[in-house]
Amino acid sequence: MVADPLLSSGEGATPLTIARVGVLGAGTMGAGIAQVAAEAGLAVLIHDPVVGAVERAQERIAGFIGRRVEKGQLTPAEGVAALGRLATATELENLASADLVIEAAPEDLELKRGAFRRLDAAAADRLVILASNTSSLSITRIAEATRRPQRVVGMHFFNPVPVMALVEVIAGPLTDPAVSSATADLARRMGKTPVMAADTPGFIVNRVARPFYLEALRIVGEGLAGVDEVDAAMRGVGFRVGPFELIDAIGADVNLAVTESVAAAFAGEARYRPHPLQRALVEAGRLGRKTGAGFYDYAADGSPGAPWAGLRTRRAVPGARVTADQIATQIVATVVNEAASAVEAGVATPDAIDTAMRLGTNYPLGPLAWGERVGLGAVVGTLDALHAAAPDSGYRVVPLLRRLAERGGSFFEPRP
Ligand SMILES: NC(=O)c1ccc[n+]([C@@H]2O[C@H](COP(=O)([O-])OP(=O)(O)OC[C@H]3O[C@@H](n4cnc5c(N)ncnc54)[C@H](O)[C@@H]3O)[C@@H](O)[C@H]2O)c1
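Residues numbered from 1 in each chain as written. Predicted model: local features only at pLDDT ≥ 70, side-chain atom pairs only at ≥ 80, totals over all residues. Heavy atoms only, no water.

Asks: Whenever I open this one, the side chain of Thr334 confuses me. Can you help?
Replies: Looking at the secondary structure, you find Thr334 in helix 13 (residues 324-344). By relative accessible area, Thr334 is classed as buried at 9%. When sequence neighbours within four positions are dropped, the list of residues in contact with Thr334 reads Pro211, Glu215, Leu383 and Tyr395. (Helix = DSSP H or I, 4+ residues; strand = E, 2+ residues; numbered from the N terminus. Buried < 20%, exposed > 50% of the residue type's maximum accessible area, 1.4 Å probe, protein only. Contact = heavy atoms within 4.5 Å.)

Asks: Explain unusual backbone geometry to me, please; I cannot follow it from the model alone.
Replies: Excluding glycine, residues mostly carry a negative phi; peptide bonds, for their part, are mostly trans. Look at the link from Asn159 to Pro160: it is a cis peptide, with omega at -5°. Counting through the fold element by element, Pro160 comes out in the loop between strand 6 (152-157) and strand 7 (166-171). Non-glycine residue Asn362 carries a positive phi angle of around 60°. The exposure class of Asn362 is partly exposed, given its relative accessible area of 29%.

Asks: Please explain the pattern of salt bridges as it appears in this structure.
Replies: Two side chains bearing opposite charge may form a pair once their charged atoms approach each other closely. Applying the stated criterion across every chain yields a total of 22 salt bridges. One salt bridge connects Asp99 with Arg126, and the closest N-O pair in it is separated by 3.8 Å. Of this pair, Asp99 sits in the loop between strand 3 (86-88) and strand 4 (100-103) while Arg126 sits in the loop between helix 4 (109-123) and strand 5 (129-132), and the two are 27 residues apart along the sequence. Looking at Arg126, the relative accessible area reads 37%, which means it is partly exposed. Linked through salt bridges whose partners overlap, the residues forming this network are Glu110, Arg113, Arg141 and Glu144. (Salt bridge = Lys/Arg side-chain N within 4 Å of Asp/Glu carboxyl O.)

Asks: What am I meant to see in the domain arrangement of the protein here?
Replies: Accessible area lost upon the coming together of the parts is a frequently used measure of interface size. With domains assigned, the protein is organised as domain 1 (5-199) and domain 2 (204-416). Between domain 1 and domain 2, the C-alpha centre-to-centre distance is 31 Å. Taken residue by residue, the interface counts 13 residues in domain 1 and twelve residues in domain 2. Interface area for domain 1 against domain 2, summed over the two sides, is near 920 Å², with a carbon-plus-sulfur share of 64%. Together, Met164, Leu166 and Val195 form the three largest contributors to the area buried by domain 1 at its contact with domain 2, with a combined 36%. Summed over the shared surface of domain 1 and domain 2, the number is zero salt bridges. No other element matches strand 8 (residues 193-198), which puts five residues into the side of domain 1 that touches domain 2. Class assignment for the residues of the side of domain 1 that touches domain 2 results in eight nonpolar, four polar and one charged. (Domains from an automatic or database assignment. Buried area = accessible area lost by both parts, 1.4 Å probe. Nonpolar A, V, L, I, M, F, W, Y, C, P; charged D, E, K, R; others polar.)

Asks: I tried to follow the packing of aromatic side chains on my own but got confused; where do I start?
Replies: Remark: the centre distance and the inter-plane angle together describe each pair of aromatic rings, the angle taken between the planes. Under the definition given, this model contains seven aromatic pairs. A ring pair is formed by Phe212 and Tyr363, whose centres lie 5.4 Å apart and whose planes are at 50°; its orientation type is tilted. Of the two residues, Phe212 is situated in helix 8 (residues 210-221) and Tyr363 in the loop between helix 14 (350-361) and helix 15 (367-374); the sequence distance between them amounts to 151 residues. Under the relative-accessibility criterion, Phe212 is labelled buried at 1%. One aromatic cluster in this structure is built from Phe212, Tyr213, Phe239, Tyr363 and Trp370. (Phe/Tyr/Trp six-rings, centres within 6.5 Å; stacked < 30°, edge-to-face > 60°.)

Asks: It is not clear to me how the sheet that holds strand 4 should be interpreted in this structure. Could you clarify?
Replies: As a general point, the strands of a sheet are linked pairwise by backbone hydrogen bonds and lie either parallel or antiparallel. Here we have eight strands laid out as an open sheet, ordered 3-2-1-4-5-6-7-8, and mixed in their pairing. Pairing within the sheet leaves two strands with one partner each, and these edge strands are strand 3 and strand 8. Adjacent strand axes in the sheet meet at a mean angle of 25° when their direction is disregarded. Here strand 1 (residues 20-24) runs beside strand 2 (residues 43-47); their pairing, made up of five bridges, is parallel. The residue of strand 2 that forms the bridge with Gly22 is Leu45. Docked against the sheet, helix 1 (residues 28-39) engages strand 1, strand 2, strand 3, strand 4 and strand 6, running at close to 165° with respect to strand 2. (Pairing = 2+ DSSP bridges. Axes fitted to C-alpha atoms, helices over the stretch in contact; angles between N-to-C directions.)

Asks: Can you help me understand the site of the ligand in this one?
Replies: Taken together, 21 residues lie near the ligand, and Thr28, Met29, Asp48, Glu107 and Lys112 sit nearest. One of the side-chain N or O atoms of Lys112 is found 2.7 Å from an oxygen atom in the ligand. Within the side chain of Asn133, a nitrogen or oxygen atom sits 2.9 Å from an oxygen atom of the ligand. Coverage of the ligand by the protein amounts to 73% of the 830 Å² it exposes when considered alone. When contributions to the shell around the ligand are tallied by element, the ones reaching two or more residues are helix 1, helix 4 and strand 6. Of the residues belonging to the shell around the ligand, the class tally is ten nonpolar, eight polar and three charged. (Near = heavy atom within 4 Å. Polar contact = N/O pair within 3.5 Å; in protein donor to acceptor, adjacent residues only side chain to side chain. Areas by Shrake-Rupley, 256 points an atom, 1.4 Å probe, with all protein chains shown as cover.)

Asks: What's the story with helix 17 (residues 399-407) in this structure? I'm lost.
Replies: Residues separated by three or four positions in an α-helix point in the same direction, a consequence of the helix having 3.6 residues per turn. Within the sequence span of helix 17, burial applies to Leu400, Leu401 and Leu404. End-on, the buried residues of helix 17 take up no more than an arc of 100°, which puts them together on one face. The inward-facing, buried residues of helix 17 abut helix 13 and helix 16 (376-389). The first or second residue beyond helix 17 is Gly408, which carries a positive phi of 70°. (Arc of directions from axis to C-beta.)

In structure tokens form, the structure reads like this:
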């Protein structure tokens with residue numbers, strides 16, 4: 001029997017040199033990906049079905065590259081060469097001539113499945129790798145739309161692409177390891193740090209970061225502290241921005257959508273449940289910096305003002321308010337617990353999780369290393385106290401974390 005070259009794996013099945021990259025979708029992410037790929041010396045073919053979208057992306061890329069040249073980050077010749085590597089594809093099918101296509105179309109499963117089906121058909125027997133930049137959809141579900149699930153992979157960049165160093169490489173159960181490693185190599189060539197993650201809800205960053213927001217929202221929602229106090233407490237322990245400042249930067253609508261998508265994938269498990277304050281902000285049209293108001297008001301020049309006076313929170317019983325220390329201790333403990341749950345679920349290695357959180361969210365230290373610095377016993381103590389006070393709120397300590405705390409073990413030592 002002759003093996004189907006699309007389905008076979010191992011040596012010879014993967015083009016080892018990726019020279020041509022296709023980019024589908026020329027929006028925020030697609031434009032950034034195309035720019036970084038062109039600067040890395042790859043030939044880039046971009047397609048977007050919306051009239052004028054590719055032209056707008058090319059203008060934006062030219063602007064960014066122009067500024068990089070002005071700052072001396074690129075020579076004028078390098079800038080011209082990078083722009084010369086960008087070409088437009090009039091049809092989606094043309095992208096199948098690339099060695100790897102990165103899809104950065106809207107976050108809609110059926111839309112992405114349709115695009116992958118067409119790319120797969122157009123590629124016929126060519127050994128093209130089809131990568132998705134999805135933030136929250138299942139790579140496996142996308143791969144199922146093709147005849148080449150072995151060659152479908154997640155390649156999750158972070159916004160803004162030229163600045164953020166992280167790429168999560170997501171392998172589904174059928175993804176050929178040679179395809180994941182070729183994708184990781186490509187990310188390195190683009191100057192990024194790849195981390196390998198399993199195809200699970202939120203992958204690494206969007207999962208482990210959930211409690212950073214949700215615990216902060218709970219503290220404020222219970223009337224235990226103000227949004228500015230929570231942000232100051234987190235900055236006080238080394239975070240560059242606090243959770244509410246970060247939601248305002250990302251957009252309350254985007255933050256809610258990611259929370260809802262992770263919560264839905266975990267079938268409503270308590271610790272992922274969206275907080276009512278997230279919806280309140282979206283319903284009030286206070287989406288953050290982009291609308292001039294979010295958890296904070298912003299002046300016309302973008303400088304932050306006071307927290308929103310209209311935020312409706314519970315009135316805490318006198319004496320129940322928490323200190324900056326307690327705020328940071330609680331939020332860090334919930335993030336450590338989530339990181340431990342990701343290790344336990346086989347999402348990624350402890351090192352990959354810590355690297356992803358440092359590079360993908362600018363945490364000053366990876367959460368697992370942070371937990372060990374604080375002491376895993378102390379982290380477990382904080383979570384047990386929270387759980388005792390609110391048994392249905394998802395503070396249950398992950399078994400791996402409790403075991404390591406009891407034995408004085410480390411996430412970073414081989415487990416027996
Ligand atoms: N923005 C972020 O912070 C971010 C970060 C990581 C991943 N992502 C993911 O990247 C993807 C793109 O997000 P974005 O922020 O660049 O969105 P965007 O809205 O800026 O860009 C989407 C682009 O897709 C085009 N498009 C519309 N219909 C299409 C179709 N049928 N086929 C192909 N392209 C189509 C649009 O014209 C637009 O240019 C999404 O899956 C998103 O979840 C976004």
